[in-house]
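# Residue-level structural notes
So the chains spell out like this:
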Amino acid sequence: ACLLLAAAGIGGHWLYFTPTAAISIDVNPSLELEVNRFDRVIGVEGYNADGQALADQVDVNHLNYHQAVEEILSSEAVAALLASDGVVPITVTGSDTTQCHRILSGVERETADQPNIHCHGANHDQVAQAHEHGLSYGKYQAYLELRALDPDLTPEAVADMTMREIRDLLQALSGQDPDRGQGGQGEGHHGLASGGHGYGK
């Protein structure tokens, strides 16, 4: 009986602390929330200095992802950037397709009244490529757009730029408004990143 209880405890711990989805949030603070199968945040990782500072500042571990996203968007750093026309891509990815669709739909509903927030889905391969370059997914997608126009641009140069600065640079390089262009993260208020809802692929 004791062994069964111990096994159940170990199994429960493993289930709770295994991430099944991730939410990437980018303004200039770039961070990623790891979410378990119960929709609880079990880890926060910053992908630049501002992102790490924000990750250290907010206490969102074990909160439902709804509460965690709300807490981050209402934090002083992010709220100030949104108030000054900052652009915020939010990307959902993970191994559980059903959960990822549910999370993405939930985040879309919660941010529907904020036109500068753009929500997307992405697959594992896309996110893994971003992490290999030391960037969150949102910043990496923006970097790819910029690199197509300026092959000398490095991931390090993009890491500490705000998303608005990246959008403005894209406009300067292309002569078009990236928030109104086709594809990319500025496609409408909510949309799909390149690859659509390719979760788990």
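Our structure is the block above this text.
We now turn to the structure provided with this report. Given the structure is predicted, the values throughout are model-derived calculations rather than measurements.

### A look at the overall build of the chain
A count of helices and strands for the chain gives nine helices and five strands. Its helices and strands taken in sequence order, the chain reads α-β-β-β-α-α-α-β-α-β-α-α-α-α from the N to the C terminus. Burial statistics for the chain: of 201 residues in total, 47% are counted as buried. Taking all contacts inside the chain whose residues are at least 6 apart in sequence as the whole, residues at least 24 apart take part in 60%. For the chain, the computed accessible surface area is about 9,600 Å², with 52% contributed by carbon and sulfur atoms.

### Section: a nonpolar patch on the surface
Taken together, the side chains of W14, L15 and F38 make up a nonpolar region of the molecular surface, amounting to roughly 330 Å² of accessible area. Within the fold, L15 resides in helix α1 (residues 2-16).

### Notes on the nonpolar core
Counting residues in hydrophobic clusters, the biggest one holds 27 residues, and the most contacted among them are I23, I25, L33, I72, V88, I90 and I103. Broken down by secondary-structure element, the contributors of at least two residues to this core are β1 (19-26), β2 (30-36), α3 (65-73), α4 (76-83), β4 (88-94), α5 (97-110) and β5 (117-121). Residue contributions to this core peak at five residues, all from α3. Not counting residues up to four positions away in its chain, the partners in contact with I23 are L31, E32, L33, V35, Y65, V69, I90, T91, V92 and I103. In terms of nonpolar packing, the next biggest core, distinct from the first, is built from 14 residues, Y140, Y143, A159 and I166 among them.

### Quick word on the packing of aromatic side chains
According to the stated counting rule, one finds three aromatic pairs in the structure shown. For the ring pair Y16 and F38, a centre distance of 6.3 Å and an interplane angle of 25° mean the geometry is stacked. Linking Y16 in helix α1 with F38 in the loop between β2 and β3 (41-46), this pair joins segments that are 22 residues apart in sequence. We classify Y16 as partly exposed; its relative accessible area is 22%. Between Y140 and Y143, the ring centres sit 6.2 Å apart and the planes meet at 35°, which makes this aromatic pair tilted. Here the residue Y140 and the residue Y143 both occupy positions in helix α7 (residues 137-149), the gap between them amounting to three residues, near one helical turn.

### A look at helix α2 (residues 49-57)
Where α2 is concerned, the buried positions are G51, L54 and A55. On an axial view of α2, the arc spanned by its buried residues comes to 100°, and they lie on one face. Opposite the buried face of α2, by more than 90 degrees, sit the exposed residues A49, D56 and Q57. As for α2, its buried residues are in contact with β2, β3, α3 and α4.

Criteria and thresholds
Residues numbered from 1 in each chain as written. Predicted model: local features only at pLDDT ≥ 70, side-chain atom pairs only at ≥ 80, totals over all residues. Heavy atoms only, no water. Helix = DSSP H or I, 4+ residues; strand = E, 2+ residues; numbered from the N terminus. Buried < 20%, exposed > 50% of the residue type's maximum accessible area, 1.4 Å probe, protein only. Contact = heavy atoms within 4.5 Å. Areas by Shrake-Rupley, 256 points an atom, 1.4 Å probe, with all protein chains shown as cover. Patch = residues over 30% accessible without salt bridge, like charges linked within 9 Å, V, L, I, M, F, W, Y side chains within 5 Å. Salt bridge = Lys/Arg side-chain N within 4 Å of Asp/Glu carboxyl O. Core = buried A, V, L, I, M, F, W, Y, C linked by side-chain atoms within 4.5 Å. Phe/Tyr/Trp six-rings, centres within 6.5 Å; stacked < 30°, edge-to-face > 60°. Arc of directions from axis to C-beta.

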